[in-house]
Each structure stands twice: as structure tokens, then as C-alpha cells.
Amino acid sequence: MKYTISYQKPHRHLIDISLQVEEHSGDILIVQLPAWRPGRYELGNFAKNIQKFSVAGTDGKPLSYRKVSKDSWEIDTPGQSEVTVSYSYYGAVLDAGSTFMDESMLYMNPVNCCMFVPSRINETCEIRFENLPQDYTIACGMKKTSGHVMEAENFHELADSPLIASNTLVHRTFDVEDTEIHIWIQGSVSIQMEKFIEDIRKYSIAQSLSFGGIPCEEYHYLFHFAPYKAHHGVEHHNSTVILMGPGSEFSHPEPYNELLAISSHEFYHLWNVKRIRPADMWPYDYTRENYSSLGYIYEGVTTYYGDYYLLRSGVITDEDYFDEFSRDVQKHFDNFGRYHYSVAQSSFDTWLDGYVPGIPNRKVSIYTEGMLAAFILDVWLMRDSNQQYSLDDVMLRLYRDFALKGKGYTEADYKNIIESLAGTSYSGYFEDFIHGRGKVETELPAALDFIGCELIKEDARYVFEHEYGFKLQGNSKYVVTSVVPDSPADRAGLAKDDELISANLVEFHGSNSAAEIFEDFGGGVVNLVVSSSNRLREVILTPCSVKYYPLYRVKRKATPTDEQLHNFNLWRSR
Ligand SMILES: [Zn+2]
């Protein structure tokens, strides 16, 4: 399969792509554009970015064709041994999984924009850039055969090999064991590069130790730094794309730690999901939804380890680690979808609403709930195996017994490995935390206690949160963003998206902040006027004894027992 990439006017964002199919036989050829991209488990419908589709035969004359699905084409090819499919792809979105072109760069995720022949998906792919400026460098995990020509073993590798071509790429390399790590930076960033490299080296070594080596000869970090707020990463088989911003802030500790956390998370995916992958997605089927209930492993376990390896390798402090842990715990408690949908159900439904807030109280996050379930499992395994095993061993077994043997795993496989290490049944764990609801909060304090940590609960910051049970957004126009089910706000009839107009005749506008207005009422009965879709309504808030939206914080105990301290040190320094 030969792909040729060119473009004429970068400001139009149109990339001209042609796919040359040689040695074709048969009366019909089907070509397909992926409907989604691995890493984001929802339909991307990339074919909406295609225009000027045409097909030529062996002699260069047009061939007739018809669309047979939203992203596949059936071409009439009697007597044609060579077929060339040409089209333009509109690349104007810049995120960690998209395709984008302008005067400064060509950034491609081939899974968005390269068509393939489903019956010949395993054939070698050559990708040739025809008119890239001579001073452009290409950052990519794919093998370069010459200047601006690259080669992938098959379409799966091509689809999994994003690239940035530009003349402003900053490039650094260093070795971690036998693997050459490449750092590619596009965009302006303020960062202490030597420290960044040293920190990446530390967590890479720690992760590598757990799996007996890094599973690729080269690994490429493709960083985009944007001048605006951005936080997005996507994993690949020997690379990752990470978009972060604003680039001017990474000399400050908090954004810098976030950058490390996402980098460590994506690196862990090198094993977990790029190699240790659910059987549901082995191999990836690009034409349709690949449903899986195992998001609590491929994203949840990865979220747990992304931060945890930073702690273990000494890149971040205990305090930094538990601050991040606390944010996940807070997200858990602020989401009442946890009483409605399990993490397994939410994983299956990422294809439906996994990447949007969705309707209130419907679902949970596979990242947050999966991370908490992974932490509880890790601690329980330590407890049940007399400190002999941990979640590290489960992941290593999945890697050796499934990934390295070229097959995917199921939930039963995961459970069998856990039970063989723990020496006891974990049916209760799966019933409660994976397929059940509302159990994390009853078990989390005990799991934390095992390693000498505790969960601290405090009142929410604002009176309207802790007394009435709703959250607001805005600073002069206040809109309700969430309401606790059965709270005074809910009982009074307040709903998401309602706009506050007045409270006890005090209007919400200008310098009247909602926090101060509610503070003045001291938690008593409040007569609220709200606008719901431009219709004014009155709701009367009557407080009760319950405190809503408490704040949670995880921290180490000031005086742990010897046993707790021993457990903490074991967990901390694995
Ligand atoms: Zn991830």
C-alpha cells in the first residue's frame, strides 16, 4: 500500500492524500476510513472531513464507485490491477488525537485520515510526503526509509504512528536501558529541560523494572505546547502525543507535575492497552464500536500507576501524590452517578457518552473509579498475600501470559490471576467495585488505613453548597451546574442550568457575589427566584441537618502504628 501526502495552501487546512493499491484483482475494491481511533472509545466519524473523493484505474482513467457505509467506498475494478484513491482531508483541529495543518506544521494521526483496504490490512504501508519544505523534520515512531518517506509493517502500525512535521521542532534524545527515548517539542514552552529529562528517566526505569524491560527500541514523546489551557494525551505502540498548555507555565510546580503525570500515564499505556489489551479489541476493528467493560483496567489501572510511579521513583513527594489522590477522591464523591452506574457499565458506554459530562447523575468516570478500584485491589492483594504480591504482579502476569503470547485478556483472566496470587476469592471485589455501586466509599477508608493514611472530611467552601446542595458557575451571572439528589435544592425544585436571579429579594448581579449573599443568610430559609429557559420561577430553599458536597482530603496519619508504617514503606518503595 502506497500513500502519498501533499498540500497546496496550508491556510485551507486541506491535506491531499492518495492511496495506491497495486496487484489488485477482482471486480470490486472496498476502501475504508477508520470510524474511531484507539485511545478514545467513541466514534470519531473522520469521514466527515473528506472532500473531493475520486478513483483512477490502471490507465489513470476514473472508475465508478458508490458509498456503502458512512466511511467505506465500493469501487468497480474489472480488469484493473492498480487502483488509486485520492481525496482531501480537512485537518483543522489540534488535539492529541487529531490531524492539523497550517503554515507552521503538518500534524497527522494516520488513523484519522488514511484509508485502508480491509482485506489487505496486514500489508506493508509506505507513506511518502511529496512537497514538505526541505527544512522540515518529521517526528514519528515509524521507520524512515529516506528523507520524507516512511514505512509501517501494516495498517495497524501506520494507524498507531502519529507524526509532526515542522521546521521548529526541538529534539532531544537519551537512553533508558536499551531504549532510545526521543523528546520532540512543537510550540513554545518554558521548562527546565534537564530536570524534565531526568524525571522521565526515573519513572521510565521504575516502570521498566516492573515489566522486565521497555518493549520497544525507540520511544517518541510528541509534545505540542499551546499558548492556551490544554491537557490531552494519547498513547501509541512506541510513541505518545501530548498536548499541554499554556506553554509559559511549566516552570511552575503544579503544571509541571501535571505534565509529568500525563507523560507517566501515557508511558504506562505502552504496556497496559498497547500490549496488555482486552480480547474485545484484539485486533482493533476500525470500522465500528469495540465495546469493552474493562476500561477500569486499561484506563483505571493506568491512571493509578501514572501517578504512583512518579511517587515510587522519587519524582514527586508524598504530599504531591496525595494531593492528586485527593482530587480523584473528590471527583468520586461529587458524582452521584456512582449510585446509578457501575464502572464496568460506564466503560461499555464510553461509546455513547464517555467523553462528555452527559446528563446528571447517570454514569461514572472509568479513570477516577478505575483508579480507586485499582488502589483498593493493590492494597487488598498486599494484605491477602502477606505482602508477597501486589497489583504489579497481576499486570506482569497479564503481560507475560497474554500480551507476549499475542492474545487479549478477559475479565475472567484478570480475576483468575488476582485470585491465584491472593489465594482467596475476589468475587466480592468484582461484585462491589466493578459491577456494583456505592461501595468505594465504605471500603476506601479501610484500604487507606492499611497503609497508615486517612480520609479527612470537611465542610464545602460555600454555604449554598453545604447547606442547600447545589453548585454554581459564573461571577455575575450564576448558573446551577449540579444539584445533589434529595437535597434542599432538589426538593425545592432547583435544577441544573437554572440561572439565579434573586435570593430573598437581593439580586445577583454586578458586585453581589453569590458566595457573600448566601453567607449573609447564614443557612436559613431562602426564597430564590430563578430563570429556567427564560421562565421565572420561585423556589424556597429549606435547609436540613445534612451537609452536602463535603471536601475530602487523603493524608498520611500523624502517628501510624508500626504495622501501618511498615505497609506504607513497602507500598511506597516497591
Ligand atoms: Zn489513558
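Keep in mind that what you see is a predicted model, and the values were worked out from it rather than measured. (Residues numbered from 1 in each chain as written. Predicted model: local features only at pLDDT ≥ 70, side-chain atom pairs only at ≥ 80, totals over all residues. Heavy atoms only, no water.)

1. Description of the overall build of the protein chain
The condition that has to hold: The numbering of helices and of strands both runs from the N terminus, where a helix is a DSSP run of H or I of at least 4 residues and a strand a run of E of at least 2. We take the radius of gyration over the C-alpha atoms and set the globule estimate at 2.2 Å times the residue count to the 0.38 power. Any residue under 20% of the maximum accessible area for its type is buried, any over 50% is exposed, and the rest in between are partly exposed; the area is computed with a 1.4 Å probe on protein chains only. In what follows, residue pairs with any heavy atoms lying within 4.5 Å of each other are defined as contacts. In these tables, accessible area is a Shrake-Rupley quantity obtained with a 1.4 Å probe, and a residue counts as shielded only by the protein chains included in the view. Residues scored as charged are limited to Lys and Arg (positive) and Asp and Glu (negative), so that His and the chain ends carry no count. To locate a charge, take atom NZ for lysine, CZ for arginine, CG for aspartate or CD for glutamate.
The helix and strand inventory of the protein chain stands at 17 helices and 27 strands. Taken over C-alpha atoms, the radius of gyration comes to 26 Å for the protein chain, in line with the 25 Å a tight globule of 574 residues would show. Its C-alpha atoms give the protein chain principal-axis dimensions of about 85 × 60 × 45 Å. Looking at the protein chain residue by residue over its 574 residues, the buried ones come to 55%. Relative to all contacts within the protein chain whose residues are 6 or more apart in sequence, the contacts with residues 24 or more apart total 66%. For the protein chain, the exposed surface amounts to about 24000 Å²; the carbon and sulfur share of it is 48%. Here the protein chain holds 53 positive side-chain charges and 80 negative ones, and the gap between their average locations is 2 Å.

2. Describing the pairing of strand E14 (residues 163-166)
Each regular strand displays side chains that alternate between the two surfaces of the sheet. For the record, the criterion: Strand pairing is assigned whenever DSSP detects at least two bridges linking the two strands.
Of the two faces of E14, both are covered, the one formed by Leu163 and Ala165 as well as the one formed by Ile164 and Ser166. As paired elements, strand E9 (residues 106-108) and E14 share three bridges and run antiparallel to each other. Across the sheet, Met108 pairs through a bridge with Leu163, a residue of E14. Here four bridges tie strand E11 (residues 137-140) to E14, and the two strands are oriented antiparallel to one another. Along E14, the bridge assignment pairs Ala139 with Ile164.

3. Thoughts on the environment of Phe348
Structurally, Phe348 is set in helix H7 (residues 343-348). The exposure class assigned to Phe348 is partly exposed, which follows from its relative accessible area of 37%. Here the alpha-carbon distance between Phe348 and Asn504, two residues 156 residues apart in the chain, equals 46 Å.

4. Some remarks on a negative patch on the surface
Stated precisely, the cut-off is as follows: Only residues whose relative accessible area exceeds 30% and that form no salt bridge enter a patch; like-charged residues are grouped when within 9 Å of one another, and nonpolar side chains (Val, Leu, Ile, Met, Phe, Trp, Tyr) when within 5 Å. Salt bridges are counted wherever a side-chain nitrogen of Lys or Arg sits within 4 Å of a carboxyl oxygen of Asp or Glu.
A surface patch of like charges, here negative, comprises Asp175, Glu177, Asp178, Glu180, Glu217 and Glu218. By relative accessible area, which is 76% here, Asp178 ends up exposed.

5. As for the state of the cysteines
We apply this condition: The definition used for a disulfide is geometric: two cysteine sulfur atoms within 2.5 Å.
Tallied over the entire structure, the rule returns zero disulfides. In this structure Cys140 is a free cysteine whose sulfur lies 11 Å from that of Cys114, the closest cysteine sulfur available. Taking the relative accessible area as the measure of exposure, Cys140 reaches 3% and is therefore buried.

6. Description of the coordination of the zinc ion
What counts here: Here the coordinating atoms are restricted to nitrogen, oxygen and sulfur within 2.8 Å of the metal centre, or 3.2 Å for Na, K and Ca, and because water is not among them the sites may look incomplete.
With distances of 2.1 Å, the protein atoms coordinating the zinc ion are His265 (NE2), His269 (NE2) and Glu299 (OE). Considered as a linear motif, the donors of the zinc ion on their single chain read H-x3-H-x29-E. Judged by its relative accessible area of 11%, His265 falls in the buried class. Taking relative accessible area as the criterion, His269 reaches 0% and is therefore assigned buried.

7. Some words on the sheet that holds strand E8 (residues 100-101)
Overall, antiparallel pairing links the four strands, which are arranged E8-E9-E14-E11 in an open sheet. In this open sheet, the two edge strands, each paired with only one partner strand, are E8 and E11. Bridge analysis of E8 against E9 gives two bridges, and the strand direction is antiparallel. Its bridge partner being in E9, Met101 is matched across the sheet by Leu106.

8. Some points on a nonpolar patch on the surface
Together, Ile28, Ile30 and Val68 line one region of the surface with nonpolar side chains, adding up to about 220 Å² of accessible area. Inspection of the secondary structure puts Val68 in strand E5 (residues 65-69). Overall, the relative accessible area of 45% leaves Val68 in the partly exposed class.

9. Description of the pattern of salt bridges
The full count for this structure, using the stated rule, is 34 salt bridges. Notably, a salt bridge pairs Glu42 with Arg40, separated by 2.8 Å at the nearest N-O pair. A relative accessible area of 25% places Arg40 in the partly exposed class. Each of the salt bridges in this network shares a partner with another, and the network as a whole consists of Arg312, Asp378, Asp392 and Arg574.

10. Examining the side chain of Glu441
Rule in force here: Polar contact is the term for a pair of N or O atoms within 3.5 Å; when the atoms are in protein, one must be able to donate a hydrogen and the other to accept it, and sequence-neighboring residues count only if both atoms are side-chain atoms.
Checked against the element boundaries, Glu441 lands in helix H13 (residues 440-450). Note on Glu441: relative accessible area 17%, which makes it buried. Separated by 2.8 Å, the side chains of Glu441 and His332 make a polar contact. At 3.1 Å, the side chain of Glu441 forms a polar contact with the side chain of Tyr339. Not counting residues up to four positions away in its chain, the partners in contact with Glu441 are His332, Phe333, Arg338 and Tyr339.

11. Details of unusual backbone geometry
Cis geometry marks the peptide bond from Gly245 to Pro246; its omega dihedral reads -5°. Looking at where Pro246 falls in the secondary structure, it is placed in the loop between strand E19 (239-245) and helix H4 (253-268). In this model, Asn386 sits at a positive phi of 50°, which is unusual for a non-glycine residue. In this structure Asn386 comes out as exposed when scored by relative accessible area, which is 65%. Positive phi, normally seen in glycine, also occurs at Leu505, with a value near 70°. Along the polypeptide, Leu505 turns up in the loop between strand E23 (499-503) and strand E24 (506-507). A relative accessible area of 80% means that Leu505 is categorised as exposed.

In short, geometric facts, not functional conclusions.
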